[in-house]
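The primary structure of each chain is shown beneath.
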Amino acid sequence: MSTALEDMRLLTEVLRERWVLALATTTADGLPYATPLFYALASLPPSDAPILVFASRADTCHGQAIGDGPSAVAGAVYLETEELGILRGVQLRGDVAVCNGLRAEHHAELRRAYLDRHPYAAPRLGPHDLFYVLAITWAKLTDNRLGYGVRRTWNFASPWREKSRPA
């Protein structure tokens, strides 16, 4: 039987080894919108929620949907494969906000985590690019290496909301 710490390691392992998040938001007129984004896994003490940080612009469709946040989003991170036995991925929900609203040291740490993971992005980031932080409030891991259809779920408190959304 696995422990909670081992289970959490399984989740962070997939989040750490992948680098593209399919982020789903809702537009102002209520339509769903999904976009792929490079991300990095980070942390935001004292929250125990896994944190994903990404760079984008406020004038994009997803940037407009997020605003300054926190805004509820969904997403997916997965290993592309045709081999059923090694299929792994994470479905998630969470709250995303612009890093500018955080304390300066947290903003700097999150920016550093992103640029350490994606160093080629640094010269491409302009004055209109922002860093966003996604606090995962619910995650479901599918990992067929553990057995076909094996799934684990987690709930985390949002660092920005009094009560996290129900699973």
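Because the structure is a prediction, the values reported are computed rather than measured.

**Quick look at the nonpolar core**
Core analysis: the biggest nonpolar cluster contains 42 residues, and Leu-15, Leu-52, Leu-110 and Leu-134 have the highest contact counts within it. Listing elements by their share of this core, those giving two or more residues are helix 1 (4–17), strand 1 (20–26), strand 3 (40–42), strand 4 (51–57), strand 5 (71–78), strand 6 (88–98), helix 3 (104–117) and strand 7 (129–143). Sequence-distant contacts of Leu-15, that is, excluding residues within four places in its chain, are made with Tyr-39, Leu-41, Pro-50, Leu-52, Val-77, Val-90 and Ile-136.

**Some remarks on the confidence of the model for the protein**
A residue-level look at the protein finds 93% of positions with pLDDT of 70 or above and a mean pLDDT of 89. Per-element averaging of pLDDT across the protein places helix 1 at the bottom with 85 and strand 1 at the top with 97. For the stretch residues 163–167, pLDDT sits under 50, and the model shows 10 contacts to residues farther than four places along the chain or on other chains.

**Re the packing of aromatic side chains**
This model, assessed by the stated rule, comprises three aromatic pairs. Relative to Tyr-120, the ring of Phe-38 has its centre 6.1 Å away and its plane inclined at 75 degrees; by these criteria the two rings are edge-to-face. Here Phe-38, found in strand 2 (residues 32–38), pairs with Tyr-120, found in the loop between helix 3 and strand 7; they are 82 residues apart in sequence, far enough to count as distant. Above the ring of Trp-19, the side-chain terminus of Arg-18 is found at 4.8 Å from the ring centroid.

**A closer look at a nonpolar patch on the surface**
A contiguous nonpolar patch, built from Trp-19, Val-20, Phe-38 and Tyr-120 and spanning about 360 Å² of accessible area, is present on the exposed surface. Tracing the chain through its elements places Val-20 in strand 1.

**Examining the environment of Arg-57**
With respect to the element layout, Arg-57 can be found in strand 4. Between the alpha carbons of Arg-57 and Asp-95 there is a distance of 17 Å; along the sequence they are 38 residues apart. Look past the residues within four positions of Arg-57 in its chain and what remains in contact with it is Gly-63, His-128, Asp-129 and Tyr-132. A distance of 3.1 Å separates polar atoms of two side chains, one belonging to Arg-57 and the other to Asp-59.

**Focus on the pairing of strand 2**
Bridging between strand 1 and strand 2 involves seven bridges; their strand directions are antiparallel. Residue pairing across strands places Val-20 opposite Phe-38, the latter belonging to strand 2. If you look at the hairpin formed by strand 1 and strand 2, you'll find five residues sitting between the two strands, and Gly-30 has a positive phi there, around 85 degrees.

**Description of unusual backbone geometry**
The omega angle of the peptide bond from Pro-45 to Pro-46 is 5 degrees, so this bond is cis rather than trans. Assignment of secondary structure puts Pro-46 in the loop between strand 3 and strand 4. Cis rather than trans, the peptide bond between Gly-69 and Pro-70 has omega equal to 0 degrees. Inspection of the secondary structure puts Pro-70 in the loop between helix 2 (61–66) and strand 5.

Cut-offs applied
- Residues numbered from 1 in each chain as written.
- Predicted model: local features only at pLDDT ≥ 70, side-chain atom pairs only at ≥ 80, totals over all residues.
- Heavy atoms only, no water.
- Core = buried A, V, L, I, M, F, W, Y, C linked by side-chain atoms within 4.5 Å.
- Buried < 20%, exposed > 50% of the residue type's maximum accessible area, 1.4 Å probe, protein only.
- Helix = DSSP H or I, 4+ residues; strand = E, 2+ residues; numbered from the N terminus.
- Contact = heavy atoms within 4.5 Å.
- pLDDT = per-residue confidence, 0-100.
- Phe/Tyr/Trp six-rings, centres within 6.5 Å; stacked < 30°, edge-to-face > 60°.
- Lys NZ or Arg CZ within 6 Å of the ring centre and 35° of its normal.
- Patch = residues over 30% accessible without salt bridge, like charges linked within 9 Å, V, L, I, M, F, W, Y side chains within 5 Å.
- Areas by Shrake-Rupley, 256 points an atom, 1.4 Å probe, with all protein chains shown as cover.
- Salt bridge = Lys/Arg side-chain N within 4 Å of Asp/Glu carboxyl O.
- Polar contact = N/O pair within 3.5 Å; in protein donor to acceptor, adjacent residues only side chain to side chain.
- Pairing = 2+ DSSP bridges.

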